[in-house]
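Chain by chain, the residues:
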Amino acid sequence: MIEVGIVGASGYTGGELLKFLNHHPQVEIVAATSRQFEGIPIHKVHPHLRDLDIEFENIKPGDLDADLVFTATPHGASMKIVPEILETGAKVVDLSGDYRFDDYDVYEKWYGFKHTNPLKAVYGLPEINRKAIKGADLVANPGCFPTGGILASLPIVSEGLVDTLIIDSKSGVSGAGVKPTETTHYPNCSDNVAPYAVTSHRHMPEIQEKLGNFGKVRVSFTPHLVPVTRGILTTVHSFLKEDVSSDYVKEVYDNFYEDEPFVRVLDLSEVPRLSSVRGSNYCHIGCFDIDENGRLVVASSIDNLVKGASGQAVHNMNLMFGFPETESIDQMGMHP
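Predicted model only: the values in this text are computed from it and were never measured.

> Help me understand the overall build of the protein, please; the structure alone is not making it clear to me.
When its secondary structure is counted, the protein shows 11 helices and 13 strands. Computed over the C-alpha atoms, the radius of gyration of the protein is 19 Å, within 12% of the 20 Å expected from 2.2 N^0.38 for a compact globule of 336 residues. Considering only C-alpha atoms, the protein reaches an extent of 60 × 45 × 40 Å along its principal axes. Restricting the contact set of the protein to residue pairs at least 6 apart, pairs at least 24 apart contribute 68%. Carbon and sulfur atoms form 48% of the exposed surface of the protein, whose accessible area is close to 14,900 Å².

> I would appreciate a short explanation of the sheet that holds strand E1 (residues 2-7) in the present structure.
One key point about sheets: their strands pair by backbone hydrogen bonds, in either a parallel or an antiparallel sense. Strand order across the open sheet formed by 6 strands is E2-E1-E3-E4-E6-E5, with parallel pairing between neighbours. Two strands lie at the open edges of the sheet, namely strand E2 (27-33) and strand E5 (122-123), each paired on one side alone. With 4 bridges joining them, E1 and strand E3 (residues 68-71) adopt parallel strand pairing. When the sheet's bridge partners are listed, Ile6 is paired in E3 with Phe70.

> Quick question: what am I supposed to make of the packing of helix H6 (residues 144-158) against helix H11 (residues 306-320) here?
Each pair of packed helices can be summarised by the angle the axes make with each other and by the distance between the axes. At a closest axis distance of 8 Å, the pairing of H6 and H11 adopts a crossing angle of 100°. One element, H6, and the other, H11, form an angle in the roughly perpendicular class. Here Cys144, Thr147 and Leu151 of H6 come into contact with H11, specifically with Lys307, Gly308 and Gln312. Broken down by class, the residue content of the contact of H6 with H11 amounts to 2 nonpolar, 3 polar and 1 charged.

> Any chance you could explain the side chain of His284 here in plain terms?
Residue placement: His284 occurs in strand E12 (residues 283-290). Relative accessible area serves as the criterion here: at 15%, His284 is assigned to the buried category. In this view, His284 contacts Arg264, Leu266, Pro272, Ser276, Val277, Ala299, Ser300 and Ser301; residues no more than four positions away in its chain are not counted.

> I would appreciate a short explanation of the sheet that holds strand E11 (residues 263-268) in the present structure.
If you trace the 7 strands from one edge of the open sheet to the other, you get E8-E9-E7-E10-E13-E12-E11, paired in mixed fashion. Sheet topology places strand E8 (194-195) and E11 at the edges, where each strand pairs with a single neighbour. Where E8 and strand E9 (residues 218-225) come together, 2 bridges link them in antiparallel fashion. Paired with Ala194 across the two strands is Leu225, which belongs to E9.

The rules we used
- Residues numbered from 1 in each chain as written.
- Predicted model: local features only at pLDDT ≥ 70, side-chain atom pairs only at ≥ 80, totals over all residues.
- Heavy atoms only, no water.
- Helix = DSSP H or I, 4+ residues; strand = E, 2+ residues; numbered from the N terminus.
- Rg over C-alpha atoms; globule rule 2.2 N^0.38 Å.
- Contact = heavy atoms within 4.5 Å.
- Areas by Shrake-Rupley, 256 points an atom, 1.4 Å probe, with all protein chains shown as cover.
- Pairing = 2+ DSSP bridges.
- Axes fitted to C-alpha atoms, helices over the stretch in contact; angles between N-to-C directions.
- Parallel < 35°, antiparallel > 145°, perpendicular 65-115°, else oblique.
- Nonpolar A, V, L, I, M, F, W, Y, C, P; charged D, E, K, R; others polar.
- Buried < 20%, exposed > 50% of the residue type's maximum accessible area, 1.4 Å probe, protein only.

Structure representation (structure tokens):
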């Protein structure tokens, strides 16, 4: 049994963390922090957690007494508190972008912050860093777009089949966070599909850096906001360097993900659905179609709040403490 705290527990990812941790037989939740909602019962902010009998607290990070702390804090805020938490002896899974990059110059360029506390962290994508995560004190949880994009691309990059990727992702509105904006206001996003940060999204260099560890590849990425609550559907376009069949490509994916508990490789031409993974920690990967110009199309679907955030964070916690990998996060999706 371990004691776990969550810093920034009032957002969507905080709510998902609380849900999964509440059902984890090896976890006791000892703190859920929020300055805004101090003293307010959890269920007043997260109405689906009505049976979780704890209140939000305003606790300084250095005063937390836990074995592991999830920092569900904004980009630029985590770097100010993570070192202080580590000094208490707790391990940390950080859900911000502050510790995802090997090269902090890249972080500063794309996030617009001076990194004041660079630390060595393990990138928390279990499918590529399982062994390192097991021995880590600080794990940087991947971004939601990079999770879907990297998993959809890893096998063909590792196999050297492609050298350029065009990644197109469609995200649900919850990816923008709990605080409404003009962009996420219902009349503005309903019945609409809108690309944004079309060549400048900060998740592009994250995808580029991590895939670059597996092969020489160029990455271009454009996200779109779509009028759904949860999910990311990612379509990866690439041009094959050699003449191979769709059957061969699918076999590459089957072999690469054969032992992965949360990746499901679909049949040839089967298109991943957002509804099939909604509420789950699974990633579905499918299509594998090749057109007459040698363009390969691979698509993936994830729940941006689970596999793209909190579910993956709990997966990392399970690895860090030697628990079964799928403990408390092995629920199927919610189709339809």
